[in-house]
Amino acid sequence: MSDMVKRVLLCLGQEEPAAYAAGRALAGALERRGASVRTVDLRDALGPAPFRRVADLLGRVSERGLSGVLAALGGSRFATELTATPPDVVLALDPIAAQALLEWRRAGRFAAPALGLSLDLDPHDWRDLDLDRLAVFDELAAEAARGARLPRERIVAPGIRVAPEVAAAAREDRAALRARFGRGDDRPVLLFDARAADH
């Protein structure tokens, strides 16, 4: 980990299980590299569950409306923390969190680079967001992001990391693998590695 990046703020703004799982995995990886990671669910600023349900309904009507509410309430709630321990980088795990973070940055609450991590194969919901970088799955998702008016130079496609033992299986003879697992040539095979989605 770079000596420059010590404090990372991970933000969520939607109730998306994939974003929570990705956030946990990412926070763990960053902490193993020496970073201090603070994960913030902006919806916590809304208080008790009934208010969160109202916000979820608002989010279904207008993502921009929900991000404005989250930016206002979350900005007030987290302003002291952002000032006391400013992050070196902020990372949004969904477009609503990204919109709220960008509003905070425009308001001068932090000056760190704002990054987004799109968990969608088609990242069109990230369009028109002035993020410094948007990480997408692969080149197909990067092409979709460029089609959604995201600047080419801000899109990063690092690829999906695959565990070495899973990657090794890709080099084995497919007919032998099908025979070993009792699968005929006419049936599709899907490999799913759920280790990142635990807890």
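The sections below set out a description of the structure shown in this document.

What counts and how
- Residues numbered from 1 in each chain as written.
- Predicted model: local features only at pLDDT ≥ 70, side-chain atom pairs only at ≥ 80, totals over all residues.
- Heavy atoms only, no water.
- Helix = DSSP H or I, 4+ residues; strand = E, 2+ residues; numbered from the N terminus.
- Contact = heavy atoms within 4.5 Å.
- Polar contact = N/O pair within 3.5 Å; in protein donor to acceptor, adjacent residues only side chain to side chain.
- Buried < 20%, exposed > 50% of the residue type's maximum accessible area, 1.4 Å probe, protein only.
- Core = buried A, V, L, I, M, F, W, Y, C linked by side-chain atoms within 4.5 Å.
- Pairing = 2+ DSSP bridges.
- Axes fitted to C-alpha atoms, helices over the stretch in contact; angles between N-to-C directions.
- Arc of directions from axis to C-beta.
- Expected span 1.5 Å × (residues − 1).

Examined against the element boundaries, Leu93 turns out to sit in the loop between strand 3 (89-92) and helix 4 (95-106). Along the chain, Leu93 and Ser118 lie 25 residues apart, while their C-alpha atoms are 6.7 Å from each other. Contact partners of Leu93, with chain neighbours within four places excluded, come to Cys11, Leu12, Ala19, Gly23, Leu117, Leu119 and Trp126.

This part covers the environment of Trp126. Of note, Trp126 is situated in the loop between strand 4 (114-117) and strand 5 (133-135). Placed 30 residues apart in sequence, Trp126 and Ile96 show a C-alpha to C-alpha distance of 8.9 Å. A distance of 3.4 Å separates polar atoms of two side chains, one belonging to Trp126 and the other to Ser118.

This part covers the side chain of Ser118. Topologically, Ser118 is positioned in the loop between strand 4 and strand 5. Of the residues examined, Ser118 reaches a relative accessible area of 1% and is grouped as buried. Among all residues touching Ser118, those that are not within four sequence positions of it are Pro123, Trp126, Leu134, Ala135, Val136 and Phe137.

Leu9, Leu101, Trp126 and Leu131 are the most contacted members of the largest nonpolar core, which totals 26 residues. Those elements that place two or more of their residues in this core are strand 1 (7-12), strand 3, helix 4 and helix 5 (139-147). Take this core: its biggest share by element is six residues, from helix 4. Residues in contact with Leu101, not counting those within four places in the same chain, are Leu9, Cys11, Val90, Leu91, Ala92 and Phe110.

Right, let's get into the pairing of strand 4. With burial as the criterion, only one face of strand 4 is covered, namely that bearing Ala114 and Gly116; the residues Leu115 and Leu117 on the opposite face remain uncovered. Bridge analysis of strand 3 against strand 4 gives three bridges, and the strand direction is parallel. Across the sheet, Ala92 pairs through a bridge with Gly116, a residue of strand 4. As paired strands, strand 4 and strand 5 are joined by three bridges and run parallel to one another. Across the sheet, residue Gly116 finds its bridge partner in strand 5, namely Leu134.

To continue, consider the sheet that holds strand 4. Within the open sheet, the six strands sit side by side as 2-1-3-4-5-6. Their pairing is parallel. This sheet does not close on itself; its edge strands, each paired only once, are strand 2 (36-41) and strand 6 (155-156). Sheet analysis places strand 1 next to strand 3, joined by four bridges and oriented parallel. Opposite Cys11, over in strand 3, you have Ala92 as the bridge partner. Relative to strand 1, helix 1 (residues 17-32) is tilted by about 175°, and along the sheet it contacts strand 1, strand 2, strand 3 and strand 4.

Taken together, the buried positions of helix 5 are occupied by Ala141, Ala142, Ala145 and Arg146. The buried residues of helix 5 occupy one face: seen down the axis, they fall within an arc of 145°. Summarising the geometry of helix 5, the exposed residues directed more than 90 degrees from the buried face are Leu140 and Gly147. On the buried face of helix 5, the contacting elements are strand 6.

Attention now moves to helix 4. Over its twelve residues, helix 4 extends 16 Å from the first C-alpha to the last, a length consistent with the 16 Å expected when each residue adds 1.5 Å. For helix 4, the tally of buried residues reaches nine of twelve residues, placing the bulk of the element in the interior. Residues of helix 4 that are buried: Pro95, Ile96, Ala97, Ala98, Gln99, Ala100, Leu101, Leu102 and Trp104. N-capping of helix 4 is provided by Asp94, with a side-chain oxygen placed 3.1 Å from the backbone N of Ile96. Count one or two residues on from helix 4 and you reach Gly108, which has phi positive near 85°.

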